[in-house]
Amino acid sequence: QVQLVESGGGLVQAGGSLKLSCAASGRTDSSHAMGWFRQAPGKDREFVATIRRSSGYTVYADSVKGRFTISRDNAKNTVYLEMNSLTPEDTALYYCAVGSPIISAMKRSDMYRYWGQGTQVTVSS
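Cut-offs and rules
- Residues numbered from 1 in each chain as written.
- Predicted model: local features only at pLDDT ≥ 70, side-chain atom pairs only at ≥ 80, totals over all residues.
- Heavy atoms only, no water.
- Disulfide = S-S within 2.5 Å.
- Helix = DSSP H or I, 4+ residues; strand = E, 2+ residues; numbered from the N terminus.
- Buried < 20%, exposed > 50% of the residue type's maximum accessible area, 1.4 Å probe, protein only.
- Phe/Tyr/Trp six-rings, centres within 6.5 Å; stacked < 30°, edge-to-face > 60°.
- Lys NZ or Arg CZ within 6 Å of the ring centre and 35° of its normal.
- Pairing = 2+ DSSP bridges.
- Axes fitted to C-alpha atoms, helices over the stretch in contact; angles between N-to-C directions.

*Asks:* I tried to follow the state of the cysteines on my own but got confused; where do I start?
*Replies:* Every disulfide links exactly two cysteines, by a covalent bond between their sulfur atoms. For the structure on display, the rule yields one disulfide. Bridging Cys-22 to Cys-96, the disulfide has an S-S length of 2.1 Å. Taking the torsion about the sulfur-sulfur bond, which here is approximately -80°, the covalent link between Cys-22 and Cys-96 counts as left-handed. With Cys-22 in strand 3 (residues 18-26) and Cys-96 in strand 9 (residues 92-99), this pair connects stretches of sequence that are 74 residues apart. When its relative accessible area of 0% is taken as the criterion, Cys-22 is described as buried. The buried category is assigned to Cys-96, whose relative accessible area is 0%.

Structure representation (structure tokens):
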């Protein structure tokens, strides 16, 4: 079992920044990747970014490329999502997830076995 606790969400004005954190505990050694997904009201959950724990290889959704940066601290079993130039379209509940997807499937939510409870990000215009 893996437990995930997200933090860092909040209310920010458009153009602002936030940094999310996700601390993992439990049997994290069995999971190769840590990722972020988000779900806005009335919309499906969508992929945001993911990072492989060993190599640091990253994948981003096109909508956040150049604005968001995912990073990890393996010693702390923590993954971060630094979000810059936020827009109201980034408003959503942001979830951390861990799993072992192959590289070609790193954007698929069904490849991630464990999920956090989510942290709300609200961007005002």
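*Asks:* Honestly, the packing of aromatic side chains in this entry has me stumped. Any pointers?
*Replies:* How two aromatic rings sit relative to each other is given by the distance of their centres and the angle of their planes. Summed over the entire model, instances satisfying the criterion amount to four aromatic pairs. Measuring from ring centre to ring centre gives 5.0 Å for Phe-37 and Trp-115, while their planes differ by 55°; the resulting arrangement is tilted. Taken together, the residues Phe-37 in strand 4 (residues 33-39) and Trp-115 in strand 10 (residues 112-115) connect sequence positions 78 residues apart. By relative accessible area, Trp-115 is classed as partly exposed at 24%. Cation over ring: Lys-19 sits above Tyr-80, and NZ or CZ is 4.9 Å from the ring centre. Residue placement shows Arg-45 over the ring face of Tyr-95; its charged tip is 4.1 Å from the ring centre.

*Asks:* When you look at the sheet that holds strand 1 (residues 2-7) in this model, what are you seeing that I'm missing?
*Replies:* Across a sheet, paired strands are connected by hydrogen bonds in the backbone, their directions being either parallel or antiparallel. Reading across the sheet, the four strands line up as 1-3-8-7 and stay open at both edges, with antiparallel pairing between neighbours. Because the sheet does not close on itself, it has two edges, and the strands there are strand 1 and strand 7 (68-73). Recorded for the sheet is a direction-independent mean angle of 15° between the axes of neighbouring strands. The sheet contact formed by strand 1 and strand 3 spans six bridges and is antiparallel. Within strand 3, the position partnered with Val-5 by the bridge is Ala-23.

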